[in-house]
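Fold and geometry: a report
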Amino acid sequence: MKNDQILAQITDFCRRSDMAETTFGRRAVNDGKLVARLREGKRITTDTLDRIQAYIAASTPGGVLPPRPEPPPERRDPRGNFRFFENRQKYLLFVHTCSEKRVIAERVALELASLHPRPPALRVFDAGCGDGTVLARVMRAMHGRFPHMPFYIAGKELSLEDVRLTLDKIPDRLFEHPATVFVLTNMYYAEAPWLAPATPAAASGMIWHEVALRGASSGEFEAQIAELGPFLEQNWRANVSPKSGMPIYERPVALVLYREDHRFLLDSIIPRAGRSEANFDLVIASQPYRAKSSVNFRAKRIVAPLARALRAGGRLIGIHSHGQDPGLEIIQAVWPGENPFTVSRHELLRAVKYELGSAGRDLNFNAYADNRSIFRYDMEALPNEVTGQIGTSTAFAAWNAAVYVAQIEDDRLAELTENSKTLEATREVLRKHNGLWFYDESYVISRRRD
């Protein structure tokens, strides 16, 4: 039996019996630190397990250990093939009317002052590039702070549309900072930092494509990157898992870009198939999971693997929507009681710490106070657009931003197509607050320096 299963039985029993966990440990096995040790990943003998279960059974009415209900798995309907960020209309309208990308990039850039890069390169991983706006802004800030240091930049992105938008921003970055190796992959969070598929079948079908860009101008780089269009069309494909309904890659791909005239300098930094390391100085995890996903799913599938990819002194900054803002007021005016933002950074970090167990002993989990963790971004509109007669376009942009942040599914929105209540509720909130804004919250996981 695994530690999490043992802990689940103990915590359920303590909750039903109104008993402190330290008291349970002393009464069951004469060890008040039993539960704390289990959470740290320590193992116990079968004799100790027998004593734990015997104590629970003897203290339970009927002497039988009650079954523990399993939480529902993270699942989607495969027929829908829906991810909230795959609705391009909502996504693009949100990106171009709200300041979230810029504000997140500014927050991430603050972490650069705490980095301690080691030769041969400053290593950064973006766990979900999106359209590349955040990453491009962070790379500009990196160039300002480390103008002569080689960069290794890796990013994960499953969406072909977003890969194209990200690649559009690369020529200027390679022109300003020529000592850069840029890698894009469609692999899972537990694979992407290492560029190594987890299964032999996936590894055997992996596509590794290395491009040494010729020339010395952003125009020349742009033309050569544009030639990658057919390659991306053919290989950057996604399916939907019949088991979970989640998007999965058809074949794992690694696309490696760098300047030909800097190949000699970058030789030790350029990754090779089957010989890639993680060891990142900075991991950016901006909105890498659904707001309604369970804390266990976030910890096990996303944040814990990314934390393992940190090198000594490395930092992971995670950012997700916080709620408690005018955007959520709009949602709750239409769907009373709706609140997808139920997992706080504190709860998530506790789950990540438990998931990592002994592997997290040299990590610091920093939730920080609200005034440091929580930050605001706004829908950008002219003052007279939200203080006077609010036009349909402004109200629609605000409504779109609210449902995008709250990740309201398309089938629920379709039910309101002919309902004027949505725009009226939006106008009401805009008038009340003289604008629209949202809150994100951040947290940092850092690995101690040697």
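Scroll up to find the structure.
Quantities reported herein were computed from a predicted structural model and do not represent experimental measurements.

This next bit is on helix H7 (residues 133-145). With 13 residues, H7 extends 19 Å from end C-alpha to end C-alpha; this agrees with the ideal 18 Å at 1.5 Å per step. When we look at burial in H7, the residues that qualify are Thr133, Val134, Leu135, Ala136, Val138, Met139, Met142 and His143. Those residues of H7 hidden inside the fold are in contact with helix H6 (100-109), strand E1 (122-126), strand E2 (151-156), helix H9 (170-176), strand E3 (180-185) and strand E8 (280-286).

Our next topic: unusual backbone geometry. In this structure, Pro120 follows Pro119 across a cis peptide bond, with omega equal to 10 degrees. Phi at Leu195 is positive, roughly 50 degrees, even though this residue is not glycine. Along the chain, the position of Leu195 falls in the loop between E3 and helix H10 (200-204). Positive phi outside glycine occurs at Asn279, with the angle close to 50 degrees. By the secondary structure assignment, Asn279 is in the loop between helix H13 (263-266) and E8. According to the relative accessible area criterion, Asn279 is partly exposed, its value standing at 33%.

Time to look at the packing of helix H15 (residues 326-334) against helix H19 (residues 392-405). Two elements in contact, H15 and H19, have axes whose closest approach is 9 Å; the angle formed by their N-to-C orientations is 90 degrees. Considered as vectors, H15 and H19 are oriented roughly perpendicular to each other. Of H19, the residues touching H15 (which contributes Gly327, Ile330, Ile331 and Val334) are Ala398, Trp399, Ala402 and Val403. Tallied by class, the residues present in the contact of H15 with H19 amount to seven nonpolar, one polar and no charged.

Calculation notes
Residues numbered from 1 in each chain as written. Predicted model: local features only at pLDDT ≥ 70, side-chain atom pairs only at ≥ 80, totals over all residues. Heavy atoms only, no water. Helix = DSSP H or I, 4+ residues; strand = E, 2+ residues; numbered from the N terminus. Expected span 1.5 Å × (residues − 1). Buried < 20%, exposed > 50% of the residue type's maximum accessible area, 1.4 Å probe, protein only. Contact = heavy atoms within 4.5 Å. Axes fitted to C-alpha atoms, helices over the stretch in contact; angles between N-to-C directions. Parallel < 35°, antiparallel > 145°, perpendicular 65-115°, else oblique. Nonpolar A, V, L, I, M, F, W, Y, C, P; charged D, E, K, R; others polar.

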